[in-house]
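Below, each chain spelled out in residue letters.
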Amino acid sequence: MDGVPGISFPGIKPGETFTYRFKIRQSGTYWYHSHSGLQEQAGIYGAIVILPARKERPRYDRDYVILLSDWSDERPETILDNLKKQSDYYNYNQRTVGDFFRDVGKNGLRATVSDRLMWGRMRMTPTDIADVTRYTFLVNGDNPKRNWTGLFKPGEKIRLRFINGSAMSYFDVAIPGLKMKVVAADGQNVKPVPVDKFRIAVAETYDVIVQPRKKAAYTIFAEAMDKSGYARATLALRRGMEAPIPELGKRPLLTMADMGMDHDMGSKPMDGMDHAAIGHGDMALKKTPMPEPEVDHAAMGHGDMAKIKQPEPVPAMDHAAMGHMDMGNTKTKQPMARKIPASSKPRRASRRSSSSNGIRILRYSDLKTRRAYRRAKPEREMELRLTGNMERYFWSINGKKFSEAEPVRFRHNERVRVKFVNTTMMNHPMHLHGHWMELDNGSGNFRPRKHVINVEPGKTVYFDMTADAMGEWAFHCHLLYHMATGMFRKVIVEPAQSS
Ligand SMILES: [Cu+2]
């Protein structure tokens, strides 16, 4: 009953009733949502909490669901249309010529021009963190003003079940004044990890335990990853009590270093740069030549001061597509791993390091099952490259959209190692239906089981799995508009003896 209309069952027609029947084999925090069209964005989702048959550790006194989501007054079909017509439609914080001259002041002309050139070549702007941004962020359906509130008494342990039910938005979650102890991820218990902050990808769930001791209110602050807004809720002694709302962090800029492309920046003329050597070799492997960067040195460096007055972005920032990077070279023999910069630790699914000012931020490598478990070694490895074309706004796997691709086939109970290679500059929260993915985060026999694995831009992540659920399933990016435009595969688990 992890089905998808058109794959595992026909769906529920208007006016029809459908009864889901399934055996409860696990406990924890999950959620459900429509998998038809774009209905999920329109609000057809909810939480599922399965309590364990027996009392569990760690103990807690209160239990609240914190369901985060992104609401838009635009129809989801309109959002998708806008993205398809103009992929940067919602990216209205584009950096301006003014920013350019500020950067020159700060970083020097040469470094700044190099940076702009690189962005131009990649057809992406440094503010391309999220593709849709005009959202109101909700907690359990309430906007920040309505302020969903959970009550407590000082000293009580509160279990907060965070679910990211957004269509497109990642959140960085913190509760100023409280340490959070992460005790479960994607419904599965993990060894407790005390953190100050965690990032929750679309469709992930994290359970945390907090223990407020003061007679005070605390703000649950979930800031959108691109800093375009926040969801907010409050833990309080009584309704109406509030705590200060933190300021939104600075809007993050992607840097070349984020993209693993900072090698020798500024010490080499950009034209001489060997793309293959710096982590995104697909650009160089493409059959059609890369479009020349539209940058005009003269216009950017000196001269043409008139441009300053224009509110338009620097010409180089025409960002059509990052997708150019990796289209249609599925036949290349070049092993993908070579293209991932050493700094990205391809064998580790690490995510964000703890920051320097003593704030501890959850990383994937912190997640460990409570008990060790052993599984047979994978019999084979499969590579799934996460690909896309930002200009035409479609997303794909191994260069092929769902409509063009054959299903992924597994033999029943076979052990498979899957390698995700994110060749794009966006995060992709990859979700496999019907199965657990054993995330290889360096924890060996304690590796966590997840149903969503976030793959950061330019990174490689591995997981192992047992294809233990016969039938047809979906495997897709959980960003709604990525899924809808092609980052989706049908998975078929077949009887082992079939020829
Ligand atoms: Cu995606």
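Owing to the predicted nature of the structure, the values given are computational and were not obtained by experimental measurement. (Residues numbered from 1 in each chain as written. Predicted model: local features only at pLDDT ≥ 70, side-chain atom pairs only at ≥ 80, totals over all residues. Heavy atoms only, no water.)

## Thoughts on the pattern of salt bridges
For the record, the criterion: A side-chain nitrogen of Lys or Arg and a carboxyl oxygen of Asp or Glu constitute a salt bridge if their distance falls within 4 Å. Where helices and strands are cited, they refer to DSSP runs of H or I of at least four residues and of E of at least two residues respectively, numbered from the N terminus. Partly exposed residues are those whose accessible area sits between 20% and 50% of the maximum for their type, while under 20% is buried and over 50% is exposed, using a 1.4 Å probe and protein chains only.
Tallying each qualifying case throughout the model produces 27 salt bridges. Put simply, Lys 419 and Glu 383 hold a salt bridge, and the shortest N to O gap is 3.4 Å. Placement of Lys 419 in strand E17 (residues 415-422) and of Glu 383 in strand E14 (residues 380-389) is noted, with a sequence separation of 36 residues between them. For Lys 419, a relative accessible area of 6% translates into the label buried. Glu 438 is paired through a salt bridge with Arg 447; the nearest N and O atoms lie 2.8 Å apart. The pair formed by Glu 438 and Arg 447 is uniform in burial state, with each residue classed as buried. Beyond isolated ion pairs, a larger network of salt bridges with shared partners links Asp 63, Arg 159, Arg 161 and Asp 207.

## Quick notes on the coordination of the copper ion
Keep this limit in mind: For Na, K and Ca the donor cutoff is 3.2 Å, while for all other metals N, O and S atoms must lie within 2.8 Å; water is not among the atoms, so some sites may look incomplete.
Protein ligation of the copper ion involves His 428 (ND1), Cys 477 (SG) and His 482 (ND1), the donor distances falling in the range 2.0 to 2.2 Å. Along the chain, the residues donating to the copper ion are arranged with the sequence spacing H-x48-C-x4-H. Separated by 54 residues along the polypeptide, His 428 in strand E18 (residues 428-432) and His 482 in helix H6 (residues 480-484) bring together distant segments of the chain. His 482 matches His 428 in its accessibility class, with the two residues each being buried.

## With respect to the packing of aromatic side chains
Applicable threshold: In this scheme Phe, Tyr and Trp rings, the latter by its six-membered ring, pair at centre separations within 6.5 Å, and the angle between planes marks the pair as stacked below 30 degrees, edge-to-face above 60, and tilted otherwise. The criterion is that NZ of a Lys, or CZ of an Arg, lies within 6 Å of the ring centre and within 35 degrees of the ring normal, and then a charge sits over that ring.
One pass over the structure, following the stated rule, counts 15 aromatic pairs. Where Phe 18 meets Tyr 20, the ring centres are 4.8 Å apart and the plane angle is 70°; that geometry is what we call edge-to-face. According to the relative accessible area criterion, Tyr 20 is partly exposed, its value standing at 41%. Cluster of aromatic residues (ring-pair linked, three or more members): Phe 9, Phe 18 and Tyr 20. Above the ring of Phe 446, the side-chain terminus of Lys 191 is found at 3.9 Å from the ring centroid. We note Arg 449 situated over the ring of Tyr 373; from NZ or CZ to the ring centre the distance is 3.9 Å.

## Topic: the layout of surface pockets
What counts here: A cavity, in this analysis, means grid points on a 1 Å lattice covering only the protein atoms where a 1.4 Å probe fits yet has no way out; a pocket is instead an open set bounded by protein on both sides within 12 Å along at least five of seven lines, and a residue lines either one if it has an atom within 4 Å of a point. Grid points are joined across faces, edges and corners, and a volume is the space filled by probe spheres set on the points. Polar here means any residue other than Ala, Val, Leu, Ile, Met, Phe, Trp, Tyr, Cys and Pro, which are nonpolar, and Asp, Glu, Lys and Arg, which are charged; Gly is therefore polar. The split into domains, and so the bounds of each, comes from an automatic or database assignment of domains.
Empty space within the largest pocket amounts to approximately 1500 Å³. Surrounding the largest pocket, 43 residues form its lining, Met 1, Asp 2, Gly 3, Gln 26 and Gly 434 being those nearest its centre. Broken down by secondary-structure element, the contributors of at least two residues to the lining of the largest pocket are strand E1 (28-33), strand E2 (45-50), E18 and strand E22 (460-466). In terms of residue count, the dominant contributor to the lining of the largest pocket is E1 (4 residues). Here the lining of the largest pocket is composed, by residue class, of 20 nonpolar, 15 polar and 8 charged. Both domain 1 (28-71 + 133-236) and domain 3 (339-494) contribute no fewer than three residues apiece to the lining of the largest pocket.

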